[in-house]
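# Descriptive structure summary
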Amino acid sequence: MMTVLPILVAPNPLLRKKALPVQEVDSQIQRLLEDLEETMIAEDGIGLAATQVGIPKRILVMNVPANVTVNGEQIEGMNSNPDLYHIINPEIVWASDTLVACNEGCLSVPGQYAPVIRPDSVRVRYLNKAGKFCETTFLNLQAACVQHEIDHLDGKLFIDYLSALKRDMLIRKAQKVRR
Ligand SMILES: [Zn+2]
């Protein structure tokens with residue numbers, strides 16, 4: 001059975017903790033992936049990092065529709081739902097020089113959105129749910145999402161890319177829509 005976990009809201013200090021690599025993909029880690037997936041779906045998110053539920057492990061889930069007009073170069077790591085990714089110990093091994101602004105939001109800063117400029121494609125090396133090494137090139141919204149989620153594992157939020165004034169304002173506004 002999967003569990004919907006409570007999501008931490010900024011400025012919770014646990015969101016600033018740097019997560020540690022997973023040593024072994026065992027049943028406990030697989031269970032956590034399933035709970036993260038269930039939580040992401042229940043909260044209508046497109047990505048969720050373990051940091052956001054207060055677990056400092058380098059794990060994230062993502063469910064962004066792939067852009068089918070571009071070949072995503074998905075070398076490995078395909079599962080029954082190719083848009084759903086279980087990602088452990090991610091490492092960005094390549095990033096495009098081309099930057100793009102994407103309007104980002106975050107379940108930990110509920111109801112708030114702001115444009116963030118990032119590389120428009122990245123190649124990520126990671127372990128999948130089966131503990132197998134994968135390398136996937138993410139494009140467009142998937143690229144923005146995976147970079148946003150990897151930032152979470154380093155204790156970073158999308159609002160950190162904004163001015164201090166704007167950041168504080170979004171944190172204040174997020175308190176009012178706090179679940
Ligand atoms: Zn987020």
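This structure is a prediction, so every number in the text was calculated from the model and none was measured.

Quick notes on the rules
- Residues numbered from 1 in each chain as written.
- Predicted model: local features only at pLDDT ≥ 70, side-chain atom pairs only at ≥ 80, totals over all residues.
- Helix = DSSP H or I, 4+ residues; strand = E, 2+ residues; numbered from the N terminus.
- Contact = placed C-beta atoms within 7 Å.
- Buried ≥ 20, exposed ≤ 12 C-beta atoms within 10 Å, placed from the backbone.
- Pairing = 2+ DSSP bridges.
- Axes fitted to C-alpha atoms, helices over the stretch in contact; angles between N-to-C directions.
- pLDDT = per-residue confidence, 0-100.
- Core = buried A, V, L, I, M, F, W, Y, C linked by C-beta atoms within 7 Å.
- Expected span 1.5 Å × (residues − 1).
- Arc of directions from axis to C-beta.

Our next topic: the environment of Lys-17. Tracing the chain through its elements places Lys-17 in the segment before helix H1 (27-42). Setting aside residues up to four positions removed in sequence, Lys-17 forms contacts with Thr-51, Pro-56 and Gly-155.

Now for the pairing of strand S7 (residues 133-139). A regular strand places its side chains on the two faces of the sheet in alternate fashion. The side-chain alternation of S7 yields one buried face, formed by Cys-134, Thr-136 and Phe-138, and one unburied face, formed by Phe-133, Glu-135, Thr-137 and Leu-139. Sheet analysis places strand S6 (residues 121-127) next to S7, joined by seven bridges and oriented antiparallel. Paired with Arg-125 across the bridge in S7 is Glu-135. Following S6, the chain reverses through five residues before pairing antiparallel with S7; Gly-131 in that reversal takes a positive phi of roughly 80°.

Bringing the sheet that holds S7 into the picture now. Pairing is antiparallel in the open sheet, where five strands are placed in the order S1-S2-S3-S6-S7. Pairing within the sheet leaves two strands with one partner each, and these edge strands are strand S1 (47-49) and S7. On average, each strand axis in the sheet is inclined to that of its neighbour by 40°, with strand direction left out of account. Here H1 sits on the sheet in contact with S1, strand S2 (59-63) and strand S3 (84-95), set at roughly 40° to S2.

Confidence in the prediction for the protein averages 90 pLDDT; 89% of positions are at 70 or higher. With pLDDT under 50 throughout, residues 67-80 is counted as low confidence; its partners more than four residues away or in other chains account for 17 contacts.

Okay, the nonpolar core next. Core analysis: the biggest nonpolar cluster contains 40 residues, and Leu-36, Ala-50, Ile-59, Leu-60, Val-61 and Val-146 have the highest contact counts within it. Mapped by element, the contributors of at least two residues to this core are H1, S1, S2, S3, S6, S7 and helix H2 (140-153). Considering every element that reaches this core, the biggest residue donor is H2, with six residues. Not counting the four nearest positions on each side in its chain, Val-146 is found in contact with Met-62, Val-122, Val-124 and Phe-138.

Spanning 16 residues, H1 covers 22 Å between terminal C-alpha atoms, matching the ideal 22 Å at 1.5 Å per step. Among the residues of H1, those classed as buried are Ile-29, Leu-32, Leu-33, Asp-35, Leu-36, Thr-39 and Met-40. Each buried residue of H1 lies within a common arc of 165° when the element is viewed along its axis, so the set occupies one face. Where the residues of H1 are buried, they touch S1, S2 and S3. Of the residues trailing H1, Asp-44 is marked for its positive phi of about 65°.

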